[in-house]
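Spelled out, the chains give:
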Amino acid sequence: MDAGRCDGKEGDAMSARLFPDDILFFQRLLRSDSLYLGELDGIWGPITEAAAVEFERRADAIAAAVGTFDARSENNIRTLAARAQRPARAFLQRVRAAGIGARIISGTRTYAMQEALYRQGRFGNPGPRVTNARGGQSNHNFGIAWDIGIFTAGGGYVTDGPAYDAAAAAGAAPELAWGGDWVGFVDKPHWQFATGMAAAELRARFESGDWP
Ligand SMILES: [Zn+2]
C-alpha cells in the first residue's frame, strides 16, 4: 500500500462529508469560510479533506459553546457556512428561550437541490410552488440562510404568521436579516446571516472564491 493510496483511503473514510454529490459546491462553501484555499476543481484531495476536517472541528466547537438542539435542527445548522453557525445557534436559543417550539428545518442547498425545489409545482411536476429562486439565486445556495418551522408541544406544524412574528421578536439581532422584513415577497420562516452584500455579489464571490 503506497502513500498515495493511504491518502485516498483516508478521504474515503470521512463519514460526515457534506454534499457528496457536489464536491465543487462544498469547496466553495469551505472557501467562503477561508478554510479551503486550493483550486475550486471539484476533486476531493488532501487539501479539501483537511478543510473539511477543520470545518467539522469549528462546527463542533460552536455547538459546544452555544448549545445543541433537536436532530433536524442540528443536521441543518451543520450545513451552514461556519461563520453562520454561531449566529444561527444563538438565534434558535433566543427563540426557544421565549417558549416557542422552533426548529431549523432547512439550511444550505446546492444549486441542483435549489433547482429541484424550483421545479416543484412547475413544468408539470406535482406539489406546491415553494420558491421563486432557481439554482444560484437563493441565499440558501451560499451557506448563510436557514428556515424555521414552529411546532406545537404535540408536534403539530404551525403555519400561521403570528407565531413567526413572535419568533422574530425573540430572535432578531443586528447580525441577522429576516425574510419577514422583505418588501414584495415576504418570507417569515426565512432568516439569514447579514453579509452586507447583495445576492448578485454574494453569488459572484461564492463561485469565484474571491472574498474580501
Ligand atoms: Zn429561506
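Up top you'll find the structure we're talking about.
What you are looking at is a predicted structure, and each value in this text was computed from that prediction instead of being measured.

1. Brief notes about the overall build of the protein chain
Looking only at helices and strands, the protein chain features eight helices and five strands. When the helices and strands of the protein chain are listed from N to C terminus, the series reads α-α-α-α-α-β-α-β-β-α-β-β-α. Dimensions along the principal axes, computed over C-alpha positions, put the protein chain at roughly 60 × 40 × 35 Å. Here the protein chain, with 212 residues, has 32% of them falling under the buried criterion. Across the protein chain, every contact between residues at least 6 apart in sequence was considered, and the portion connecting residues at least 24 apart equals 58%.

2. Section: the packing of helix H3 (residues 46-66) against helix H5 (residues 82-97)
H5 packs onto H3 with a crossing angle of 20° between their chain directions and a minimal axis gap of 10 Å. Considering the angle they form, H3 stands roughly parallel to H5. In this structure, H3 crosses over H5, and the sense of that crossing is right-handed. Residues Phe 55, Arg 58, Ala 59, Ile 62, Ala 63 and Val 66 of H3 lie in contact with H5, whose contacting residues are Ala 82, Gln 85, Arg 86, Arg 89, Ala 90 and Gln 93. In terms of residue class, the contact of H3 with H5 is built from seven nonpolar, two polar and three charged.

3. Considering the nonpolar core
Ranked by internal contacts, the top residues of the largest apolar core, which has 36 residues, are Leu 30, Phe 55, Leu 80, Ala 88, Ala 102, Ile 144 and Ala 167. Only helix H2 (23-32), H3, H5, strand E1 (102-106), strand E2 (145-151), helix H7 (161-171) and strand E5 (190-193) provide two or more residues apiece to this core. For this core, the element with the highest residue contribution is H5, accounting for six residues. Setting aside residues no more than four positions away along its own chain, Phe 55 makes contact with Leu 30, Asp 33, Leu 35 and Ala 82.

4. Here we look at H3
In an α-helix there are 3.6 residues to a turn, and that puts residues three or four apart on one side. Here H3 is 21 residues long and its end C-alpha atoms lie 30 Å apart, about the 30 Å a rise of 1.5 Å per residue gives. By the burial criterion, the buried members of H3 are Thr 48, Ala 51, Ala 52, Phe 55, Ala 59 and Ile 62. Along the axis of H3, the buried residues cluster in a sector spanning 100°; they form a single face. When the buried face of H3 is taken as reference, the exposed residues oriented beyond 90 degrees from it are Arg 57, Asp 60, Ala 64 and Ala 65. Lining the buried residues of H3 we find H2 and H5. Remark: Gly 67 follows H3 within two positions and exhibits a positive phi of approximately 125°.

5. As for H7
Here H7 has its buried residues at Tyr 164, Ala 167 and Gly 171. Down the axis of H7, the buried set is contained in an arc of 55°. They therefore lie on one face. Opposite the buried face of H7, at more than 90 degrees from it, the exposed residues are Gly 161, Pro 162, Asp 165 and Ala 169. As for H7, its buried residues are in contact with H5, E1 and E2.

6. Quick notes on unusual backbone geometry
Positive phi values are uncommon outside glycine, yet Phe 19 reaches one of about 50°. As for its position among the elements, Phe 19 is in the loop between helix H1 (3-13) and H2. Unusually for a residue other than glycine, Phe 123 sits at a positive phi of about 55°. The topology assignment puts Phe 123 in the loop between helix H6 (111-119) and E2.

7. Considerations on the environment of Gly 38
Residue placement: Gly 38 occurs in the loop between H2 and H3. The sequence separation of Gly 38 and Ala 51 amounts to 13 residues, and the corresponding C-alpha distance is 9.6 Å. Every residue in contact with Gly 38, bar those within four places of it in the chain, is listed here: Ile 47 and Thr 48.

8. What to know about the packing of H5 against H7
Helix-helix packing is characterised by the crossing angle of the two axes and by the distance between the axes. With their axes 8 Å apart at the nearest point, H5 and H7 run at an angle of 115° to one another. Crossing of H5 over H7 shows right-handed handedness. Residue-level inspection shows Phe 91, Arg 94 and Val 95 of H5 in contact with H7, the latter providing Ala 167, Ala 170 and Gly 171. Residue composition of the contact of H5 with H7, by class: four nonpolar, one polar and one charged.

The rules behind these values
Residues numbered from 1 in each chain as written. Predicted model: local features only at pLDDT ≥ 70, side-chain atom pairs only at ≥ 80, totals over all residues. Helix = DSSP H or I, 4+ residues; strand = E, 2+ residues; numbered from the N terminus. Buried ≥ 20, exposed ≤ 12 C-beta atoms within 10 Å, placed from the backbone. Contact = placed C-beta atoms within 7 Å. Axes fitted to C-alpha atoms, helices over the stretch in contact; angles between N-to-C directions. Parallel < 35°, antiparallel > 145°, perpendicular 65-115°, else oblique. Left-handed = near helix turned anticlockwise from the far one by under 90°. Nonpolar A, V, L, I, M, F, W, Y, C, P; charged D, E, K, R; others polar. Core = buried A, V, L, I, M, F, W, Y, C linked by C-beta atoms within 7 Å. Expected span 1.5 Å × (residues − 1). Arc of directions from axis to C-beta.

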